[in-house]
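Residue strings, one per chain:
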Amino acid sequence: MEPLMDFFAHYWWLVFPLSGMAGGWLRAWSKASERRHQRKVELYKLKHQAVQAEQATASEVQLLMDTHSDINKRWLDYELDVGKLIDYPVMTDVREPLTVAFLRAKREADGLRPAAAADVTSKVRMDEYRAAVNSFQVAFDVAEREARRIKDRNFSGPERDRLARARKLLRIAEDEAATPAERQTAYKRARHELEGLIVLPEPTIAALEAKVARVLGAGEATDIQLR
């Protein structure tokens, strides 16, 4: 112990440079620790961002579902309106490649549609649904433009005359000013005129029957069928 005390007594001045060196070491160690901490924080952020990138948000999925619903509504405007289908018969003509393409795209999008936005949590799953909705939208837009361009040009002159008569008869069948007998006769004749020209989807038939039934009254419309 005494030699150590003698050393400090003779070399006390070394305390200052040693203190400076120790302070430098401490500062270097502190900076290194800070850099390690910063790297850990950055690594955590990167991992967190990667996880977020793989997740789908409910709001994003809901926007896709809303777009999907809007396209379906546009299709229903045709499917539930016989008059509109008479004006643009290509929309239900499965001989038309564009019509087949949009119906196929619709089935795919409908099959991938979740029951609720919260059901889709994977970004892969959301991207798959987005691609299907986009394909449905594009296919429908193309088919609709073609249907509006062609209208009834694919039909012969006599067939276009039948379509025109069917339009007029349907207006009579839905006209509350006409007598029940006139409306019922017009309804049956319209169905006859359309037979073999336009294939009406089941929802179209159901909507038309319901509309005519409301006009005629439940008792008078029980024997009327489009099938």
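Now for a quick tour of the structure. The structure displayed is predicted, hence computed values, not measured ones.

Observations regarding the overall build of the protein chain
Scanning the protein chain for helices and strands turns up nine helices and zero strands. Secondary structure elements in the protein chain, listed N-terminal to C-terminal, are α-α-α-α-α-α-α-α-α. Evaluated residue by residue, the protein chain yields a buried proportion of 32% over its 227 residues. Within the protein chain, residue pairs in contact and separated by at least 24 positions form 70% of the contacts whose partners lie at least 6 positions apart. Total accessible area computed for the protein chain in this model is approximately 14,600 Å², and 58% of it derives from carbon and sulfur atoms.

Regarding the pattern of salt bridges
Tallied over the full model, the rule gives eleven salt bridges. Taking the shortest distance from any N to any O, the salt bridge between Asp93 and Arg95 comes out at 2.9 Å. Residue Asp110 is joined to Lys106 by a salt bridge in which the shortest nitrogen-to-oxygen separation is 3.0 Å. Of this pair, Asp110 and Lys106 both sit in helix α5 (residues 97-112), four residues apart, which is roughly one turn of that helix. Residues joined in a network through salt bridges with shared partners are Arg74, Asp141, Glu144 and Arg148.

Comments concerning the nonpolar core
Counting residues in each nonpolar core, the largest one holds 46 residues, and the members touching the most others are Ile86, Met91, Phe102, Phe140 and Leu194. Mapped onto this core, the elements with two or more residues apiece are α3 (58-79), α4 (82-87), α5, α6 (123-150), α7 (157-173), α8 (180-194) and α9 (202-216). At ten residues, the largest contribution of residues to this core is made by α6. Non-local contacts of Leu194, meaning those with residues more than four positions away in its chain, are made with Val82, Ile86, Arg162, Leu163, Ala166 and Leu200.

Quick word on α3
Think of an α-helix as 3.6 residues a turn; residues three or four steps apart then line up on the same face. Along its 22 residues, α3 runs 30 Å from first to last C-alpha, staying within 8% of the 32 Å computed at 1.5 Å per residue. Of all the residues in α3, the buried ones are Val61, Leu64, Met65, His68, Ile71, Asn72, Trp75, Tyr78 and Glu79. Projected down its long axis, α3 shows its buried positions confined to an angular sector of 125°, all on one face. Those residues of α3 that are exposed and angled more than 90 degrees off the buried face are Ser59, Leu63 and Lys73.

So, the packing of α5 against α6
The interhelical angle for the contact between α5 and α6, taken along N-to-C directions, is 155°, at an axis separation of 8 Å. Between α5 and α6, the angle is such that the two are roughly antiparallel. The handedness of the crossing between α5 and α6 comes out as left-handed. Every residue of α6 that contacts α5 at Leu98, Ala101, Phe102, Ala105, Lys106, Glu108, Ala109 and Leu112 is listed here: Arg125, Glu128, Tyr129, Ala132, Val133, Ser135, Phe136, Ala139, Phe140, Val142, Ala143 and Glu146. Its residues assigned to classes, the contact of α5 with α6 comprises 14 nonpolar, one polar and five charged.

Brief notes about a positive patch on the surface
A grouping of Arg27, Lys31, Arg35, Arg36 and Arg39 is seen on the molecular surface, where their side chains present a positively charged patch. Counting through the fold element by element, Arg27 comes out in helix α2 (residues 15-53).

Brief notes about the environment of Leu163
Mapped onto the elements, Leu163 comes out in helix α7. The class for Leu163 is buried, based on a relative accessible area of 0%. It is 8.2 Å that separates the C-alpha atoms of Leu163 and Leu197, two residues lying 34 residues apart in sequence. Excluding its chain neighbours within four sequence positions, the residues that come into contact with Leu163 are Ile86, Asp152, Phe155, Leu194, Leu197 and Ile198.

Here's the deal with unusual backbone geometry
The backbone of Lys151 sits at a positive phi, close to 55°, despite the residue not being glycine. Inspection of the secondary structure puts Lys151 in the loop between α6 and α7.

A look at the packing of α3 against α5
Following both chains from N to C, one finds α3 and α5 inclined at 140°, their axes separated by 12 Å at the closest point. Here α5 runs oblique to α3, going by the angle between their axes. Handedness of the α3/α5 crossing: left-handed. In this structure, α3 uses His68, Asn72 and Trp75 to contact α5, whose residues at the interface are Phe102, Leu103, Lys106, Ala109 and Asp110.

Topic: the environment of Ala117
Within the element layout of this structure, Ala117 appears in the loop between α5 and α6. Sequence separation between Ala117 and Thr57 is 60 residues, and the spatial gap between their C-alpha atoms is 8.3 Å. When residues no more than four places from it in sequence are discounted, the contact partners of Ala117 are Ala58, Val61, Gln62 and Met65.

Cut-off values and rules
- Residues numbered from 1 in each chain as written.
- Predicted model: local features only at pLDDT ≥ 70, side-chain atom pairs only at ≥ 80, totals over all residues.
- Heavy atoms only, no water.
- Helix = DSSP H or I, 4+ residues; strand = E, 2+ residues; numbered from the N terminus.
- Buried < 20%, exposed > 50% of the residue type's maximum accessible area, 1.4 Å probe, protein only.
- Contact = heavy atoms within 4.5 Å.
- Areas by Shrake-Rupley, 256 points an atom, 1.4 Å probe, with all protein chains shown as cover.
- Salt bridge = Lys/Arg side-chain N within 4 Å of Asp/Glu carboxyl O.
- Core = buried A, V, L, I, M, F, W, Y, C linked by side-chain atoms within 4.5 Å.
- Expected span 1.5 Å × (residues − 1).
- Arc of directions from axis to C-beta.
- Axes fitted to C-alpha atoms, helices over the stretch in contact; angles between N-to-C directions.
- Parallel < 35°, antiparallel > 145°, perpendicular 65-115°, else oblique.
- Left-handed = near helix turned anticlockwise from the far one by under 90°.
- Nonpolar A, V, L, I, M, F, W, Y, C, P; charged D, E, K, R; others polar.
- Patch = residues over 30% accessible without salt bridge, like charges linked within 9 Å, V, L, I, M, F, W, Y side chains within 5 Å.
- Lys, Arg positive; Asp, Glu negative; His and termini not counted.
- Charge placed at Lys NZ, Arg CZ, Asp CG, Glu CD.

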